[in-house]
Amino acid sequence: MGSRKRKTARPVRKTKSTEGRCPKCKTIVRFNVSGQVGSEIYECLGCTTKYKIDEL
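The model shown is predicted, which means the values in this text are computed figures rather than measured ones. (Residues numbered from 1 in each chain as written. Predicted model: local features only at pLDDT ≥ 70, side-chain atom pairs only at ≥ 80, totals over all residues. Heavy atoms only, no water.)

### Focus: the nonpolar core
Most often, soluble globular proteins keep nonpolar side chains buried together rather than apart. Rule in force here: Only buried Ala, Val, Leu, Ile, Met, Phe, Trp, Tyr and Cys residues count toward a nonpolar core, and they belong to the same one when joined by side-chain atoms within 4.5 Å. Buried residues are those whose accessible area, probed at 1.4 Å on protein chains only, stays under 20% of the maximum for their type, while exposed residues exceed 50% and partly exposed ones sit between those limits. Going along the chain from the N terminus, every DSSP run of H or I of four or more residues is numbered as a helix, and every run of E of two or more is numbered as a strand.
Counting residues in hydrophobic clusters, the biggest one holds 7 residues: C22, V29, F31, V33, Y42, C44 and Y51. Take this core: its biggest share by element is 3 residues, from strand β2 (residues 28–34).

### Digging into the sheet that holds strand β3 (residues 41–44)
In a beta sheet, neighbouring strands pair by backbone hydrogen bonds and run either parallel or antiparallel. Put simply, the rule reads: Strands were regarded as paired on the criterion that DSSP finds at least two bridges between them. An axis is simply a line fitted to the C-alpha atoms; with a helix, the fit covers only the stretch in contact. Between two such axes, the angle follows the N-to-C directions and lies from 0 to 180 degrees.
Reading across from one edge, β1-β2-β3-β4 is the order of the 4 strands in this open sheet, with antiparallel pairing throughout. Bordering the open sheet on either side are β1 (16–21) and β4 (50–52), each of which pairs with just one other strand. With strand direction ignored, the average angle separating the axes of adjacent strands in the sheet is 35°. Here β1 runs beside β2; their pairing, made up of 6 bridges, is antiparallel. Bridge assignment links K16 to a residue of β2, and that residue is V33.

What follows is the structure, given as C-alpha cells:
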C-alpha cells in the first residue's frame with residue numbers, strides 16, 4: 001500500500017489577549033499582549049493605545 005506522508009499541522013499564531021481597564025476608555029476592554037515576558041506591551045482594542053506593563 002502507498003505510504004502517504006503525513007502533513008505536519010502548522011501552529012496557528014494566536015495573539016494573547018487579556019481583559020483590563022484602559023485609562024483612556026475608562027471601561028473594561030480587551031488588550032492584545034505583545035513583547036517579551038516582563039516587558040509586555042498591552043494594546044487596547046478600544047482606542048488602540050499601547051501601554052507598557054507598568055503603566056496599567
